[in-house]
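Coordinates in review
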There are 2 protein chains.
Amino acid sequence: MTATNGGPTGTRQDTVAAVVRQWQSVHPDLDTAPMEIIGRINRCAALLQQAEDAPLRRAGLSRPEFDLLGALRRTGHELTPSELARETFSSGAAVTKRLKLLTERGLVERRGDSRDRRVAHLRLTDAGRELVDGTLPEQLDYETAVLSGLDPHRQHELASLLGELLSQLEGRLGALRG
Amino acid sequence: MTATNGGPTGTRQDTVAAVVRQWQSVHPDLDTAPMEIIGRINRCAALLQQAEDAPLRRAGLSRPEFDLLGALRRTGHELTPSELARETFSSGAAVTKRLKLLTERGLVERRGDSRDRRVAHLRLTDAGRELVDGTLPEQLDYETAVLSGLDPHRQHELASLLGELLSQLEGRLGALRG
DNA sequence: AGCAAGTGTTTTACTCGTGAAACATCCTCG
DNA sequence: CGAGGATGTTTCACGAGTAAAACACTTGCT
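Residues numbered from 1 in each chain as written. Chains lettered and ligands numbered in written order. Predicted model: local features only at pLDDT ≥ 70, side-chain atom pairs only at ≥ 80, totals over all residues. Heavy atoms only, no water.

- The name given to chain A in an unreviewed UniProt entry is MarR family transcriptional regulator, and the organism recorded there is Streptomyces cyaneochromogenes.

**Some thoughts on the packing of helix α4 (residues 63-75) of chain A against helix α6 (residues 92-104) of chain A**
Residue and element names in this part refer to chain A.
- Relative orientation of the contacting elements α4 and α6 amounts to 80 degrees, with a least axis distance of 11 Å. Classed by the angle they form, the pair α4 and α6 counts as roughly perpendicular. On α6, the residues touching P64, E65, L68 and L69 of α4 are V95, R98, L99, L101 and L102.
- Class assignment of the residues belonging to the contact of α4 with α6 gives a composition of 7 nonpolar, no polar and 2 charged. (Axes fitted to C-alpha atoms, helices over the stretch in contact; angles between N-to-C directions. Helix = DSSP H or I, 4+ residues; strand = E, 2+ residues; numbered from the N terminus. Parallel < 35°, antiparallel > 145°, perpendicular 65-115°, else oblique. Contact = heavy atoms within 4.5 Å. Nonpolar A, V, L, I, M, F, W, Y, C, P; charged D, E, K, R; others polar.)

**As for the state of the cysteines**
- Across all of its chains, the model carries 0 disulfides over all chains by this definition.
- Free of any disulfide, C44(A) has its nearest cysteine sulfur in C44(B), 11 Å distant.
- On the basis of relative accessibility, which here comes to 0%, the residue C44(A) falls in the buried class. (Disulfide = S-S within 2.5 Å. Buried < 20%, exposed > 50% of the residue type's maximum accessible area, 1.4 Å probe, protein only.)

**Quick notes on the protein's contact with DNA strand C**
- Looking at DNA strand C, there are 20 residues lining it, with P81(A), S82(A), R110(A), R118(A) and S91(B) nearest.
- Considering DNA strand C, the proportion of its atoms within 4 Å of the protein that are sugar or phosphate atoms stands at 63%.
- At a separation of 3.1 Å, a phosphate oxygen of DNA strand C approaches a polar backbone atom of A120(A).
- Among the elements of the structure, α5 (81-88) and α6 of chain A together with α6 (92-104) of chain B are those that each provide at least two residues to the surface near DNA strand C.
- Among the elements that take part in the surface near DNA strand C, α6(B) stands out by supplying 4 residues, more than any other.
- The class makeup of the residues in the surface near DNA strand C is 7 nonpolar, 5 polar and 8 charged. (Near = heavy atom within 4 Å. Polar contact = N/O pair within 3.5 Å; in protein donor to acceptor, adjacent residues only side chain to side chain.)

**Focus on the interface of chain B and chain A**
- Residue-level contacts link 73 residues of chain B with 72 residues of chain A.
- With both chains or domains summed, chain B and chain A bury close to 7300 Å², and 72% of this area falls on carbon and sulfur atoms.
- Between E170(B) and R43(A) there is a salt bridge whose closest N-O contact spans 3.1 Å.
- Across the contact surface, chain B and chain A share 14 residue pairs in polar contact (both at pLDDT 80 or more).
- Those elements giving two or more residues to the side of chain B that touches chain A turn out to be α1 (15-26), α2 (33-52), α3 (54-58), α4 (63-75), α7 (126-147) and α8 (152-172) of chain B.
- Considering every element that reaches the side of chain B that touches chain A, the biggest residue donor is α8(B), with 17 residues. (Buried area = accessible area lost by both parts, 1.4 Å probe. Salt bridge = Lys/Arg side-chain N within 4 Å of Asp/Glu carboxyl O.)

**Points about the UniProt feature "domain: HTH marR-type" (unreviewed entry) in chain A**
- UniProt feature "domain: HTH marR-type" (unreviewed entry): in the numbering of this structure it lies at residues 27-167 of chain A.
- Its end C-alpha atoms 32 Å apart, residues 27-167 of chain A is made of 69% helix and 7% strand. (UniProt positions renumbered as here; feature names shortened; annotations may be inferred.)

**Topic: the pattern of salt bridges**
All names here are of chain B.
- Following the criterion strictly, the structure yields 30 salt bridges over all chains and no others.
- Here E78 ties to R123 by a salt bridge, and the two come within 2.6 Å at their closest N and O atoms. Taken together, the residues E78 in the loop between α4 and α5 (81-88) and R123 in strand β2 (residues 120-124) connect sequence positions 45 residues apart.
- In this structure R123 comes out as partly exposed when scored by relative accessible area, which is 33%.

**A few points about the environment of G106(B)**
Residues and elements named next belong to chain B.
- With respect to the helices, strands and loops of the structure, G106 is situated in the loop between α6 and β1 (108-112).
- For G106 and D141, which are 35 residues apart along the polypeptide, the C-alpha to C-alpha distance reads 26 Å.
- In this view, G106 contacts T125, A127 and G128; residues no more than four positions away in its chain are not counted.

What follows is the structure in structure tokens.
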């Protein structure tokens, strides 16, 4: 009955596998393979977001906020709101809101462009940079721990496959039309 | 300068790789390996959610709504609101709201338990079941197309690694404490 | 110069999800 | 039997994101 599994390597079943099995038994004709990737990515993302953000929350930051600060830190120079939106994959409106909060908290400073008075330039304050630099190592340690159930070889393999998928998606999406 | 890459296999770089490179150059001491998995999972999930839901939206359903209907369909029997919440990994409040809309749309029916008058039992109406059965194949076809950039062998590999990661996460998360 | 079109940013109105409290009902045990 | 606590579900108040409109400014054209 449980024939799809590779072998008795002690691998406990994940919830997505169970869901897929249910669908198979209701619609044996359907090719449910995509669920095993997409369903798992979604579920992993959800679980990781819950777990992963613990060190960030301790620093009083949400992940989107940290992403914004991180973009400023890692690029090493000022960014405009629209650049921040691109860099963090969020909408301009969301960036505006976050910037408002983060500047109020003194983590980010705003400077108007002298030539073009529409645009703003954002940079980290000292406090902001210290917060990022202090939080990032903890965050990475925590993420390392979260992933430690997978041995290094598999982690590398997974990272590489995800990279391939992602670069395909980033290149091709938008070309597809439902 | 660009030494970490495996080889010139023609693989276009994904955005996460670029972000990781930036961090490396700012903090060469940090182990950024987890980002290559977690960052990519998050980014894939975001991209997939945008793309992937096209056939669902045509059916007038959001993904959470479809997940709810799908849970009823694939289990094949009635479910209570709390079972639906568990099954779709969402909060009870969210399930209540979705059920309200879906029953108003005539896709789901509610029946009170005769013994315990607190609990409700939900089932698909004929219209609901037809909608699920009509939409799922299109959805799967679409997902297949979205993933088609990866050859079948790699898809299988990826699914399997994600399954391992997910079952680790589902088992271990909560045991970790930031 | 001065207007139209374009671009960068913010505001607005709205949707959706959440946790906590409220509500309804059941169960247990004195 | 009836109070107290547990359990299933819904309501409430709120936070966060979005698309589209509004706003502010620049640029190019005549």
